[in-house]
Structure formats: C-alpha cells, structure tokens
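Observations on the model geometry
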Amino acid sequence: ESELGKGSVFTFEVELAHLPKSIANTCKRDSKLSSLNILLVDGDQEAREQFRAMASHFCGCIDEAHSAHAAFLKISSACAAGKPYDLIFTEFCLPDMNAIELTRKLGSKVDKNSFVIMTSFMQWHKVDHEALDEGLHRFVPKPLFPSAIFDAINEFASTESEVSNKPAWSEQEV
C-alpha cells in the first residue's frame, strides 16, 4: 500500500524456527560468574532495576548503591562480612560525585586485579584518559544491553583466573 505524501506500508511474513534446547542450554549460568560479588552504583533506580534484570540471568550476587557515599558503606559492609566486591559497575554521573572522583577516592583500596566499570550515555573519549589514570578498567555505553554487561563481566572473570585469589577489596583499606 502506498499513498502520495503519507508513505508506504509493507506487509510480509517470516517463518522462524524455535531455538533447539541444546543451544538454549548453553546460555545457562556459569558457576564462575555466579560466584562473583558485584556492586552496581547508579542514582537512577530504574536503571538499577534494568541492570539487575539483565545481569541476574548470568551472574551471582548483585548489590546496589544509589550514590558514591552509599557505595562506600556497602563496600565496608561487604569487607566486614568477608565477601568483598569483585566488580563495581558505576554510572558516570552520581548524585554526590562522578565515577572518576569515586575511583579516585577509593585510591589504593581498589585491588590491582579488580575491575571498576563505568557506564554512561556520555561519550567515552571525553574522559577516557582521566578515567584510565584513576583506575577505571572499562567503559560500557548506555543504553545497556545484556551482551555488553556479559562481555564486561566475562572479561573480568577471564583475567581473574590468571591472578591470585586475593580479595578485590581489603577490609583494612576501606
């Protein structure tokens, strides 16, 4: 159907087969990823809920903080409980400081083998040098997709296997 000045409508049908169960089962949780302790720092509750909904399919404990201050409290509690965070996903723009300032304040508290991953709608090239200098390991652009979250977590998990089992956060340092 086509009408001058209004546009065209195209209709078509596509037959799609169901994904074989053998392939679908390969997407199950990896025990290595399930054991990771993750902190998500984002001032937007909806963004935290979306992250949890996507990441909970393939990783373990996901804790949340709505600000940098709340993140510091969570890190202290996790260390005191003997379950330090392996990964921290932090939005660049937090209510009380940005991700680069957060990483700077953590300073030597971040283990050289842990990952701090920044997420944002902003363009990475605007802060990449400063962010990397302060210890951020990776940038994942928003909007977030499950594959991007999975890739970032998997990158950490693959490098973690090459290093010692030293906790990502030391209780004495927080």
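Residues numbered from 1 in each chain as written. Predicted model: local features only at pLDDT ≥ 70, side-chain atom pairs only at ≥ 80, totals over all residues. Heavy atoms only, no water.

1. Points about the overall build of the protein chain
Put simply, the test is: Only DSSP runs of H or I covering at least 4 residues are called helices, and only runs of E covering at least 2 are called strands; the numbering of each starts at the N terminus. Summary of the burial criterion: residues with accessible area below 20% of their type's maximum are buried, those above 50% are exposed, and those between are partly exposed, where the area comes from a 1.4 Å probe applied to protein chains only. Contacts are residue-level and defined by heavy atoms, with any inter-residue pair within 4.5 Å sufficient. Here the open area of atoms and residues is found with the Shrake-Rupley method and a 1.4 Å probe, where only the protein chains shown may cover a residue.
Helix and strand counts for the protein chain come out as seven helices and seven strands. Listed N to C, the secondary structure of the protein chain is β-β-α-α-β-α-β-α-β-α-β-α-β-α in terms of helices and strands. Taking all 174 residues of the protein chain together, 37% fall into the buried category. In the protein chain, of all internal contacts separated by at least 6 residues, the share reaching a separation of at least 24 is 70%. Element-wise, carbon and sulfur atoms account for 53% of the exposed surface of the protein chain, whose accessible area totals about 10,700 Å².

2. Observations regarding the layout of surface pockets
For clarity, the cut-off: Cavity: a set of points on a 1 Å grid over the protein atoms alone where a 1.4 Å probe fits but cannot get out. Pocket: an open set with protein on both sides within 12 Å along at least five of seven lines, its lining residues, like those of a cavity, having an atom within 4 Å of a point. Grid points are joined across faces, edges and corners, and a volume is the space filled by probe spheres set on the points. All amino acids are sorted into three groups, where Ala, Val, Leu, Ile, Met, Phe, Trp, Tyr, Cys and Pro are nonpolar, Asp, Glu, Lys and Arg are charged, and the leftover types, Gly among them, are polar.
Size it by volume and the largest pocket reaches roughly 180 Å³. Asp42, Asp44, Glu46, Ala47, Gln50, Met54, Glu91, Phe121, Lys142, Pro143 and Leu144 together form the lining of the largest pocket. Sorting elements by how many residues they give to the lining of the largest pocket places helix H3 (residues 45–55) first, with four residues. The residue makeup of the lining of the largest pocket, split by class, is five nonpolar, one polar and five charged.

3. Quick notes on the side chain of Lys142
Worth spelling out the cut-off: For the purposes of these results, a polar contact is taken to be a pair of N or O atoms within 3.5 Å, where, inside protein, one atom must be able to donate a hydrogen and its partner to accept one; residues adjacent in sequence count only when each atom of the pair is a side-chain atom.
Looking at where Lys142 falls in the secondary structure, it is placed in the loop between strand S7 (138–141) and helix H7 (146–160). In this structure Lys142 comes out as buried when scored by relative accessible area, which is 14%. Here Glu91 takes part through its side chain, which lies 2.8 Å from a polar atom of the side chain of Lys142. Excluding its chain neighbours within four sequence positions, the residues that come into contact with Lys142 are Asp42, Ala47, Glu91, Thr119, Ser120 and Phe121.

4. Remarks on the sheet that holds strand S4 (residues 61–65)
The following threshold applies: Between any two strands, pairing holds if DSSP finds at least two bridges. Axes here mean lines fitted to C-alpha atoms, for a helix over just the part in contact, with angles spanning 0 to 180 degrees between N-to-C directions.
Strand order in the open sheet formed by five strands is S4-S3-S5-S6-S7, and the pairing between neighbours is parallel. Pairing within the sheet leaves two strands with one partner each, and these edge strands are S4 and S7. Strand-to-strand twist across the sheet, computed as the mean angle between neighbouring axes with direction ignored, equals 20 degrees. Note that strand S6 (residues 115–120) and S7 share four bridges and pair parallel. Looking across to S7, one finds that Ile117 is bridged to Arg138.

5. Points about the packing of helix H4 (residues 68–80) against helix H5 (residues 99–106)
The condition is simple: Two helices crossing with the near one rotated counterclockwise from the far one by less than a right angle form a left-handed crossing, whereas a clockwise rotation gives a right-handed crossing.
One way to put it is that H4 packs onto H5 with a least axis distance of 11 Å and a crossing angle of 35 degrees. The two elements H4 and H5 cross, and the hand of that crossing is right-handed. Residue-level contacts link Ala68, Phe72 and Ile75 of H4 to Leu102, Lys105 and Leu106 of H5. When its residues are assigned to classes, the contact of H4 with H5 shows five nonpolar, no polar and one charged.

6. Remarks on H3
Since the α-helix packs 3.6 residues into each turn, any two residues three or four apart lie on the same face. What counts is decided by this rule: In this description, one arc is meant: the one made by directions from the helix axis to the C-beta atoms.
Within H3 the residues assigned to the buried category are Ala47, Arg48, Phe51, Met54 and Ala55. Here the buried residues of H3 occupy an arc of 130 degrees about the axis, which is enough to place them on one side. Its side-chain oxygen at 3.0 Å from the backbone nitrogen of Glu46, Asp44 defines the N-terminal cap of H3.

7. As for the packing of aromatic side chains
Definition in use: Here is the rule: rings of Phe, Tyr and Trp (six-membered ring for Trp) pair when centre to centre is within 6.5 Å. Planes less than 30 degrees apart are stacked, more than 60 are edge-to-face, and the remainder are tilted.
Tallied over the entire structure, the rule returns two aromatic pairs. Between Phe115 and Phe156, the ring centres sit 5.4 Å apart and the planes meet at 70 degrees, which makes this aromatic pair edge-to-face. One end of the pair, Phe115, is in strand S6; the other, Phe156, is in helix H7, and 41 residues separate them in sequence. Taking relative accessible area as the criterion, Phe115 reaches 9% and is therefore assigned buried.

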